[in-house]
Structure formats: structure tokens, C-alpha cells
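Chains, contacts and geometry: an overview
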Amino acid sequence: MMASNEAIPADVVQSEADSTPDKDAPGVKTAPLLAPSVVLLLAWMIVPLGMTLWFSFQRYNLLSPNISGFAGFNNYAFLLANGALWNAIFNTILLVGGVLIATLVLGLVCAVLLNQEFAGNSVARLFCILPFFVMPTVSALVWKNLLMHPVNGLFAWISKSLNLPVVDWFTDLPLFSIGIIVAWQWIPFATLVLLTSLQSLDREQVEAARMDGARGWSLFTNITLPHLCRSLTIVAMIETIFLLSIFAEILVTTAGGPGNSSTTLPYLIYKIAMLDWNVGIASAGGVVAIILANIVALFLIRTIAHTLERQ
Amino acid sequence: MTSAKRIVSWPFVLGWGVTFLMALPVLWMTLAAFKTEAQAIATPPVLLFEPTLENFAAVLRRANYPSYFLNSVIIAGGSTLLGIVVGLPAAYAFAFFPGKRTKDILVWMLSTKMMPAVGVLVPIYLLSRTLGLLDSAIALLIINMLINLPIIVWMLFTYFREIPGEIIEAARMDGAKPRHQFFFLLIPLAAPGIASTALLSFILAWNEAFWSINLTSWRAAPLTAFIASFSSPEGLFWAKLSAASLMAIGPIVVFGWLTQRHLVRGLTFGAVK
Amino acid sequence: MAHLQLKAISKSFGNFQAVRDINLDIKDREFVVLVGPSGCGKSTLLRMIAGLETISSGDLFIDGERVNGREPDERGLAMVFQSYALYPHMTVEQNMGFALRLAGVPKDVRHQKVLDAARKLQLESMLDRRPSELSGGQRQRVAIGRTIVRDPKAFLFDEPLSNLDAALRGQMRIELAKMHQELEATMVYVTHDQVEAMTMADRIVVLRNGSIEQMGPPVELYQNPATAFVAGFLGSPKMNLFDVSAIERSHDSTVVILSEQNRLKLGNWPVSGRQITVGIRPEAVQISNSGDLVGKVEVVEHLGAEQLIYLNIGTEDLLTVRCHQPTAVKIGEPLRVEVDPSRMHVFDANGRAVMRNAA
């Protein structure tokens, strides 16, 4: 989708110099090795993208095949003038932002705790990352029914035993409830990355800081946190890419409701495409979603390309 | 007294406390899978009960569960196998014969991963319909392969790059042609990396929900789509839902635990190791 | 077994010229050591001989045959790498026999050859182990064994001892020298360690910035360094080198002023120009009450057999004095020393050695 024009890393330049200038050089032809991957991904990128772009300028509804033709910017105009799109974008930002903050903070807490020496911490780690491997439909339904059900759920019973009001999660706080489920699924990812990063913290650096008098909180904020900074950024960006596509959790819990209160951009487009069968408008929505994702992707790719250069 | 004090320390209490909270939904689900339907929805919740396997039997009997399971295996396994076969040569070329464009191509591959699925939902749906691939395992297999291919190439690339250059040079001095190097050295040396790459690809494909739900109805539906069907009125059969869910996530949790150390590298494209 | 000829060999990486115009004739059975500081192009040169690096210009001949475009294995050379580069997933026997296996040598012949080489290197009991189960010294032996098995025309070594500890390094130096005699093989050895160069080489080639600075037998290079760079590079402790700009000339002698209180009489050197460098080996300085130079003792190092005294004679660098007898000197006290004029070296402003006038 985007090409990077940043400087080519020095080692690539050097190997390039190794393999080109001399006519005697015995070489390996890399084109046949690369071709399958490149061609497949190119097709996967260009064909659907082109079609989405094309459809977004067409009058095209599968339910009324008689209406067709060029629509100009009408599909976009319709979407942008429609409150549903802005509501969906707002919900998306709320969901992604909230989940992001929750997973980073709680993931950091988990990582720091699991990095301590205690009996069975390697077993604890296995259970802590468990949610990441649970398929989204399972986790959504388990939370929706077994835990958050207003009558028979575990949370309802806990509230009742504590004499607190029972919350009807998906009716009263639909987006928040979805956020809880998604955050639960993604905390393990943040935990794992940050734990890996914590373990790569140079012991001698910590010991030097302790000799200098840093301990406890000051050690954490002055040494540990700066060390984790890059990992936190990467977690945030990768999660954002995945969170922008949250779909199944919404489908099986609230189906976007009540009303439009938990409809995010992916879910809105899904509804227009698969329930209204309006190809033109759904495609215009798709283009909007792609643009939004690419804004984040740009930053992520910069960071990762940068690590490629450092190696 | 002292030894007990040493075991029950603050890190111990907090660490296991957090772990318990994180695992609670899955633990609760596991309990429910062995309850009767009445026990599963009882308030206050039943903690002591006689475990029953009836739910598992019921799911297997009624819902054509094996067919969904088989679809998941075909789609996740097939897409992984195909992805490795396609991705391995590319990763090899990137790692050992880098050129001017290597970095650009790698970054571009990564960028295809950033495309939101919903952005291309309409064309992929229409293409599948036109090609007669709606509700077919083939379409899902290919789509999962394409979704995970950038991760596969990147992950293998980082493993290949860890093989010291001097070993390859020693092999060249010993008379190993690129073909020999690939099969005698690189594949065996990168075997653990290839295995974790395959596991990660399998996990991601197994749990993929968006395309599974939108492109299948029943014939090719994998487990993610099958479980989604419990969101309808049937969802009130909590014990059966739990049993079906447990069977659906069981194998993947084991795989996930096996590959946890390599997961980070795969999902962060080698940026965090 | 092999005669290597390098003719006007150069290597450039982009705009950077790593090796410039090297002409070198390595005779059959010769042990040549390429030595120089890091970045001098010695490894690149070795890798070009091996065929791991392409030759940008110039010709390489092995036994009279031009081999520029040949694959590494087609040149009949074997190489020991700095990291040993053993195949971690293969046993010692498989490691040593890999080249033969690729060449299609039958299994029993292969086994016999590996066994012979292993016997020479005392590796017989380890043939079934993997590299990870071996010590550093044992890995080193396997890396050497791997090259012996192939019976190559010439052996190439790329800093093979740099990953070993000091004691093992000393031992391996002796073993390599023995191996050179037994195998009667041509060897090209790259190192940055001048001790390895001095102890093992038939001929040392000192490289600097991609060019040959000087080559010759170790003793010759030690006694008659052609440049200040070679003088400073070979020998431990280093030769004392003092830059001098104040020179007093009279009709029969030249006196250089090292510092306020120290001046040194040069013999019959045809010193011209204003800027020269005087070189004095630490062993050419002796403690003597009638000596020319006086300085304050700053540091004394007792090495057992000898003693190094570092004197502050008012120059930028301390003067190193090597004494073979233990001498009672006190830190901070003045000490008078004498320099043997016949063992002094003089270099001109470009660092080139100035020849003494014939007496």
C-alpha cells in the first residue's frame, strides 16, 4: 500500500556491492525465489483494493440489480452526511483508545509481576497468556453469557452478594463491555512483549543504577520504563492495527446495538454490505477504513523499518 | 515457618492473583462444560458438582461438530503449509542474497498486513461468489495464507538472519552449492524457527473469525463460525456452549503454550525479541 | 603443494577501497602471516584468496592457474574461521566429513580420512559429540581437522586464535607451527596479534590501509622496520617513538632535543629536514650512571623474568625500559639511562626509515 523511500541500510548497500560489480561474481538468482510471495501478495493487495475503489464510485446494490452506473462521489457524500459513519468512527476511536490504554497499563502490571521470582511463575505465565489463544467468538460468548449475563452470570451474582446494583452490561454499557472483552484478549500480548523486553534489560545496568542509589520506584521510572519505551510503542501500534478490525466480538454480543451505540466502523460496513447488500456505499466505507488504518500503519512501518536498519 | 514465609511473598500473592483473574473466564467456562445445563445457569453458582461428559457427547452428536473441526484443521493446516512453502524461499533470498530492493519489499509485504479486512470485504465476497468459492474451505485456506504470509516471511527472515554468515562461508569452502546449503544447513539450523512460525500461522488461522463468518454458512464453516452460531437463541445452552468452546480452543492453547517464546517475535515482525 | 600469486589485487566496496594493488608471491610450503590493525584489509585479502569475496581488479593464480571466478571449493583451499563456523547440528565426524560427503566420497573412505585427521588432533574420542558439547580449544581443533581432512592445496586462517584464552592461545600457536612442519603445507594466516605473527611466520606481511607496508621474515622486520608504523606495530612492549622537531647539527654529529633536560646524540645519520621520529626498542635502553638520558620513574612492572620501567623524560610518552635483571628502583626517583646508538632507528617526516651512513 505504501512504499518506503527511506535510506537503504548500510549492510544492504555493502552486500549489494559484494554481489554486483564484478563479472566473475558467482551469484544466485533471487527472482524465482521471491516471485511466488511477491506475486501473490501483489494480487491480494491490488485486485480487491482496485475493486473497492471502483465500486465506491458506482451505484451498486445487490438487492436492486437494475440500478447501476457511475455515482461520482455520491456514495461518499451519502456516508459523510450520514450520522452513522461519524458515530461509528467515534465508537471505533473510543474502543481502540480505551482498549489500548487498558492493555498497556494492565499488561505492564502483569509483565512486572511475572518478572518477579516467585513459586510457579512460569506456570502463572502460561495461564496469564491463555486469553490470547482463545478464539474471539468463544471469548465473546463466554463473557456475554457465563460472566456478564444480568440474571445468571457470575458478575450478577457477585454484585448481588455484595448488595450492589446488578449491571445489565450489554444493554447499559455495550461499548464498554465489548472493550472489557477485547482488552482481556489483548493484555496477554502486551504482557508477553513487555516481559520479553524486561528480560532483555541489562542486569549490569540495573546493578549500576542500584549502586548509584536508585531503588524501587525510582529504579522503575529511571531505568525500566525508558528501556520499555520502544516496546510499548510497538505494542500500541500493532494492537491498533488489529483493534481497528474488531468484528466478531461485536457480532456475537451486541450486533452493534442497542441502536448504534456499539457499532464501530468495521461493523457498520459489514451491516451495509452483508445486510443491506449496498456494494457502492459499503465500498466507500471500506476506503475510509483503509485510509484510517494507513494513518496508523505509516507510523508502525517507520518504526519497524528502523529496527531493520539497526540489525 | 520461614520457608512458608518465603513462598508466600508479595510477588507470589500478586502474581498468582493477577493470573487467577486473567484465567478466570476460561476456568469458569471449563467448569461449566462439565455441569448440567441447570447447574450452569444456577445462582448462586454451583462450585461442587458431579462432573458430567454429557455436554461433550451432546455437542458431538447434534451439531455435526467433527465437520467443523475438520474444516478448521484443513483451513489452518493447509494455509500454514502453503504459506511456509511459498514464504520459505522468499525469506531465504531476503536473508542471504539481499539486494537494493530487499528492505523495500519486506516493508511493503508488511504493509499488506495493515489492510483492514473490512476494506476489501465486498470485493472478496463478490469474487468468491463469482468463482463459486462461497462456503468453500479453499477460499478460506487461500485467504488465511495470504493474511499470514507477511508474518511467515518476516519471521523466517529473522531466523535465517541469525545464522552466522561464517557457517555459510565454511560450507561454501566445503563445496556446498546454494541448494546444499539450503537443505543441509539452513533448514536444519532454522528448524525450531520454522516450527514456531508454522505454529503461529496455524494459531492465527484457527482463530480467524472475520472471513470465516462472512464467507461460509455451514459446509465449510470452521469452529469460529460454528461457535458464533451459539449467539442466537441456542446460546442459552451454556453447558453445551462451554463444552463446544473447550474443544475448540483446547488444541490451540497447547500450541500457543509451545510457541509462546517465539510468539513475540512473530507478532512484532522481529522488532522485539 | 601450492604456489599462490597475487597480482595487483584490489577490492572496493562502493567508494571505499579496502585493498589496493597487492602484489604477493606465496611460495609452496610457506607460512605467510598477514598482520595489521583492524580495518587494514587483511581479512578482505584472505577472503578474496578463499573466493568468499570477489576480486574487484587484479589476478589471483594458484599453481599458475587464474582462479578469479572460481567457486571457493573449486580452488582447493581450506579455511579456519574466527568463530570456527562449525555446523552446530552435526557431530564432530559429520562436521569434518561434510566436504567429502558433498564431493561424493564413499562413506568408508570418508570415515577413514576423518579418523586419521582426528587422531592427529586427539579428537578420536569426540567424534560423536556435537560442537556445543566441546570446549573452545576442542572446537578449534575440529575446525582445523575439517580443513586437514580435505587435503587442501593451502590452508587459510582468519584470526583463528582470537576466541581462545591466553594460555590456550600459546599452546595452539605451537601446535599450528608443528602442524605446518608435518603437513608441509602452504599457509596464509591473518591476525592482528603481532605475537602470533612473530612466532609462527616464515614471512610477515604488514598491511596498512589496504596496502602492503612491509614484508619479510619476522627477525628482519623486527630489526629493520621500513616505517615507523611497522616499528611500532611489531614488538611487545612497543618501540619507544619520539617525534622530534629540534635538531642541533654540528660537523661530526647530530643532537636531537627530546625535552628540556634530555638531548640524545645520534650517530652518523644523514638527517635532513626538521621533523624526524626517533625509535628506541625498550631493550636498547640500559640503566647507567653515565647515560645521556634522565627521567623520573613513574611505573614499574615486574614480569618475573624481566622488569619494565616507565620513565618520564619530559616527552609526551613515557620511555619504556626493559631490564633483564631485577633492579631496585623507586617510584618517583630519578634514573639515568643510556641508549645504544647502534640500535636506534630514525624515521623521516613521512615515517620512512632513514638509512645510516656506512661507517
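Up top is the structure these notes are about.
Notes on the structure follow. (Residues numbered from 1 in each chain as written. Chains lettered and ligands numbered in written order. Predicted model: local features only at pLDDT ≥ 70, side-chain atom pairs only at ≥ 80, totals over all residues. Heavy atoms only, no water.)

Description of the overall build of chain B
- Tallying secondary structure elements over chain B gives 13 helices and zero strands in all.
- The linear arrangement of helices and strands in chain B, starting from the amino end, is α-α-α-α-α-α-α-α-α-α-α-α-α.
- Expressed along its principal axes, the backbone C-alpha trace of chain B runs to roughly 70 × 70 × 30 Å.
- Counting every position in chain B, which comprises 273 residues, the buried fraction comes to 61%.
- The contacts of chain B with a sequence gap of at least 6 include a subset with a gap of at least 24, amounting to 76%.
- Working note: accessible area of chain B is about 10500 Å², and carbon and sulfur atoms make up 72% of it.
- Charged side chains of chain B number 19 positive and 11 negative; the gap between the two group centres comes to 6 Å. (Helix = DSSP H or I, 4+ residues; strand = E, 2+ residues; numbered from the N terminus. Buried < 20%, exposed > 50% of the residue type's maximum accessible area, 1.4 Å probe, protein only. Contact = heavy atoms within 4.5 Å. Areas by Shrake-Rupley, 256 points an atom, 1.4 Å probe, with all protein chains shown as cover. Lys, Arg positive; Asp, Glu negative; His and termini not counted. Charge placed at Lys NZ, Arg CZ, Asp CG, Glu CD.)

Thoughts on the overall build of chain A
- Within chain A one finds 14 helices and zero strands.
- When the elements of chain A are put in sequence order from the N terminus, they spell out α-α-α-α-α-α-α-α-α-α-α-α-α-α.
- Across chain A, the fraction of contacts at a sequence separation of at least 24, relative to all contacts at a separation of at least 6, is 69%.

Focus: the pattern of salt bridges
- With the rule as written, the count across this model stands at 22 salt bridges over all chains.
- Residues Glu169(B) and Arg47(C) are paired through a salt bridge, measuring 2.6 Å at the closest nitrogen-oxygen approach. Of this pair, Glu169(B) sits in helix 9 (residues 165–173) while Arg47(C) sits in helix 1 (residues 42–50), on two different chains.
- Owing to a relative accessible area of 14%, Glu169(B) belongs among the buried residues under this scheme.
- In this structure Arg47(C) comes out as buried when scored by relative accessible area, which is 16%.
- For Glu213(C), the salt bridge goes to Arg208(C), with nearest N and O atoms at 3.4 Å.
- Given a relative accessible area of 36%, Arg208(C) falls into the partly exposed group.
- Residues participating in the shared-partner salt-bridge network are Glu169(B), Arg47(C) and Glu53(C). (Salt bridge = Lys/Arg side-chain N within 4 Å of Asp/Glu carboxyl O.)

Re the interface of chain C and chain B
- Contact residues are listed per partner, giving 29 residues for chain C and 16 residues for chain B.
- Summed over both sides, the interface of chain C with chain B buries roughly 1800 Å², with 60% coming from carbon and sulfur.
- Considering only the surface of chain C that becomes buried against chain B, Tyr87(C), His89(C) and Leu102(C) emerge as the three largest contributors, covering 28% of it.
- Across the contact surface, chain C and chain B share three salt bridges.
- The salt bridge partner of Arg150(C) is Asp174(B), with a shortest N-O separation of 3.6 Å.
- Inspection of the region where chain C meets chain B yields nine residue pairs in polar contact (both at pLDDT 80 or more).
- Those elements giving two or more residues to the side of chain C that touches chain B turn out to be helix 1, strand 6 (77–80), helix 2 (92–102) and strand 7 (154–158) of chain C. (Buried area = accessible area lost by both parts, 1.4 Å probe. Polar contact = N/O pair within 3.5 Å; in protein donor to acceptor, adjacent residues only side chain to side chain.)

A look at the interface of chain A and chain B
- The interface of chain A with chain B comprises 112 residues on the first partner and 105 residues on the second.
- When residues of chain A are sorted by the area they lose upon contact with chain B, Trp44(A), Phe133(A) and Met135(A) head the list and together hold 9% of the total.
- Counting across the interface, chain A meets chain B through zero salt bridges.
- Where chain A packs against chain B, one counts eight residue pairs in polar contact (both at pLDDT 80 or more).
- In the side of chain A that touches chain B, the residues fall into 82 nonpolar, 21 polar and nine charged. (Nonpolar A, V, L, I, M, F, W, Y, C, P; charged D, E, K, R; others polar.)

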